[in-house]
Amino acid sequence: MADNGKTISELASGIKSGEITARAVVESSVAAAEKLNETLNAFLEIDRDGATKRAATIDSTSPLAGIPIAIKDNICVQGMQTSCGSRILGDYHPPYNATVIDRLLSAGAVVIGKTNCDEFAMGSSNENSAFGAVKNPWDTSRVPGGSSGGSAAAVAAGIVPVALGSDTGGSVRQPASLCGVVGLKPTYGRNSRYGLVAFASSLDQVGIFARTTEDVARVLEIIAGRDLHDATTADVPVPDYASQLSGDIKGARLGFPKALFGEGLDAEVRASVEAAVNVYRDLGAEIVEVELPHAQYSIAVYYIIATAEASSNLARFDGVRYGFRAEDAPELRQMYRKTREEGFGPEVKRRIMLGTYVLSAGYYDAYYRKAQQVRSLLKQDFQKAFERCDAIITPTSPTPAFLLGEKVDDPLAMYLNDVYTVTANLAGIPGLSVPCGLSAGRLPIGFQLLGGYWSEPTLFKLAHAYETAQPFTERPPVHAD
Ligand code: GLN
């Protein structure tokens, strides 16, 4: 049994029946990671020894027994590095596990490595990593999306069945869409952020990549739920997500925000997402037009709030406690300045400056406060829309994967990639990206389902119904054997 490219369900039943050992599964995953990393640069660290040792001790009755997983390099895994794709963290090795990691390990999963990402999760193409861009397995001259591009590429290339990322404005959903895999940003407060390096704390959520919705559901039910280490986790019961996927969706009301299908949307993406809407219609869903009148301000609002929070969160990286410290700086202030000057890349510096500016006296009211007000209006837009529908469908990204280098010199063009995804973070609602086809140039396209708070079961059911009707079975040219 060749195990790369299989789903959790397939691997788990192989391991349980004794057809294959956890050790063999993990070894082939590690081997694929090592081999394909030369082409993809998806991993910043691969833990061959740790992973094989752990695989040998797995109890095959655990729900994720022997399942290899990859973790974005801004989520703490004890014994491994957490660089956040930044020089400033250097070879920082956290002394503890993020809560989501503890839960995965207790369920029997095996972390095989840490994945490359945009520096501090700031970016939409992975080109902001201090350790080189990740390549898209569908076309290595193109970006995998960002910021969790390494995790998306690792799942798309069949190295692991599942990977974790973080999503502050689309960093799981957008790369999932560009790499042809499923990506979830859960409701804010669903997953613990303890051990996730903070970018913008009111928007950040740990998200999941997999090849099927079922696998995303299986992992969410393990990692979700209240955590005393993170006061923003909600005390909302965690359902048995994976057992609620099937069943028909007749009568489900799917919101169609027509205004979002206009200007700036690539024609092939529009056609593909509209075809998905028709699949839902054929499955018996009722398509309801909805309005999100404040969605047009979401990029502006997001890039004010996210940068404001980042400027504060990133103040802790000063050369004193973590990672890198500049040399030849005999005086304290000089050391701070030099460490930050040398340690942060240009996009992170741009965000710290933007964020400091919008929070500064005199500008706070005009920018930060205004943005918070519009954020409230956007939340109300969604509340109103969800009175009329069970979920909303949009494209995930306005275009398929673009060329490496195409947008690096134009931050605004890069920010506009997030136009469909940032709304979910601003409103705190869940969003799920589902592959729905390939462009003429064989690049993946995805649609996004958005739902009200804690509506993950509804999103999963809708996505599963689509996958059953229109299975996406294509594989990229760069893929594990
Ligand atoms: N692309 C967005 C940004 O650059 C989203 C990042 C994210 O979700 N971490 O901020």
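Preceding this section is the structure that the text describes.
Rules of the game
Residues numbered from 1 in each chain as written. Predicted model: local features only at pLDDT ≥ 70, side-chain atom pairs only at ≥ 80, totals over all residues. Heavy atoms only, no water. Helix = DSSP H or I, 4+ residues; strand = E, 2+ residues; numbered from the N terminus. Rg over C-alpha atoms; globule rule 2.2 N^0.38 Å. Buried < 20%, exposed > 50% of the residue type's maximum accessible area, 1.4 Å probe, protein only. Contact = heavy atoms within 4.5 Å. Areas by Shrake-Rupley, 256 points an atom, 1.4 Å probe, with all protein chains shown as cover. Lys, Arg positive; Asp, Glu negative; His and termini not counted. Charge placed at Lys NZ, Arg CZ, Asp CG, Glu CD. Near = heavy atom within 4 Å. Polar contact = N/O pair within 3.5 Å; in protein donor to acceptor, adjacent residues only side chain to side chain. Phe/Tyr/Trp six-rings, centres within 6.5 Å; stacked < 30°, edge-to-face > 60°. Salt bridge = Lys/Arg side-chain N within 4 Å of Asp/Glu carboxyl O.

Caption draft 1: Expanded view of the overall build of the protein chain. In terms of helices and strands, the protein chain carries 15 helices and eleven strands. Here the C-alpha radius of gyration of the protein chain, 21 Å, is about what a compact globule of 481 residues would show, namely 23 Å. Within the protein chain, the fraction of its 481 residues that count as buried is 60%. Partitioning the intrachain contacts of the protein chain with sequence separation of at least 6 by distance along the chain shows that 76% fall at a separation of at least 24. Within the structure as shown, the protein chain displays about 17,800 Å² of accessible surface, and the carbon and sulfur contribution to it stands at 50%. Taken together, the 45 basic and 55 acidic charged side chains of the protein chain have centroids lying 3 Å from each other.

Caption draft 2: View of the site of the ligand. In the vicinity of the ligand lie 15 residues, with T168, G169, S171, Y302 and R351 positioned nearest. Here a nitrogen atom of the ligand and a side-chain polar atom of S124 are 2.9 Å apart. R351 is positioned with one of its side-chain polar atoms (N or O) 2.8 Å from an oxygen atom of the ligand. In isolation the ligand has 290 Å² of accessible area, and contact with the protein removes 100% of it.

Caption draft 3: Just the packing of aromatic side chains, in detail. Following the criterion strictly, the structure yields 18 aromatic pairs and no others. Residues F120 and F344 carry aromatic rings whose centres are separated by 6.0 Å and whose planes lie at 70° to one another, so their mutual orientation is edge-to-face. Placement of F120 in the loop between β3 (110–115) and α5 (149–156) and of F344 in the loop between α10 (332–343) and α11 (346–359) is noted, with a sequence separation of 224 residues between them. The residues F120 and F344 share a single accessibility class, namely buried. Both rings, one in W138 and one in F472, keep their centres 6.2 Å apart while their planes meet at 45°; by these two values the pair is tilted. Pair noted here: W138 is in the loop between β3 and α5 and F472 is in the segment after α15 (456–469), with a separation of 334 residues, a long-range link.

Caption draft 4: Structural detail: the pattern of salt bridges. Inspection of the entire model under this criterion finds 15 salt bridges. For the salt bridge of E27 with R23, the shortest nitrogen-to-oxygen distance reads 3.1 Å. Placement of the pair is E27 and R23 together in helix α2 (residues 22–40), with a separation of four residues, close to one helical turn. We classify E27 as partly exposed; its relative accessible area is 29%. By relative accessible area, which is 40% here, R23 ends up partly exposed. D167 serves as the salt-bridge partner of R173, at 2.8 Å between the closest nitrogen and oxygen. As far as burial versus exposure is concerned, R173 and D167 are alike and both buried. When salt bridges with common partners are traced through the structure, they connect E347, R350 and R351 into a single cluster.

Caption draft 5: How the structure looks around the environment of V100. Within the element layout of this structure, V100 appears in helix α4 (residues 99–106). A relative accessible area of 1% places V100 in the buried class. When the C-alpha positions of V100 and V219 are compared, they lie 9.9 Å apart, and in sequence the two are 119 residues distant. Each residue touching V100, except ones within four places of it in the same chain, is listed here: I75, L164, N191, S192, V206 and I223.

Caption draft 6: Highlighting the environment of D73. Following the sequence through the fold, D73 ends up in the loop between β2 (68–72) and α4. Linking D73 and D248, residues 175 residues apart in sequence, is a C-alpha distance of 39 Å. In terms of polar contacts, D73 uses its side chain to reach the side chain of Q81, at 2.6 Å. Reaching out from D73, the side chain makes a polar contact with the side chain of K114 at a distance of 3.0 Å.

Keep in mind that these numbers describe shape and distance, not what the molecule does.
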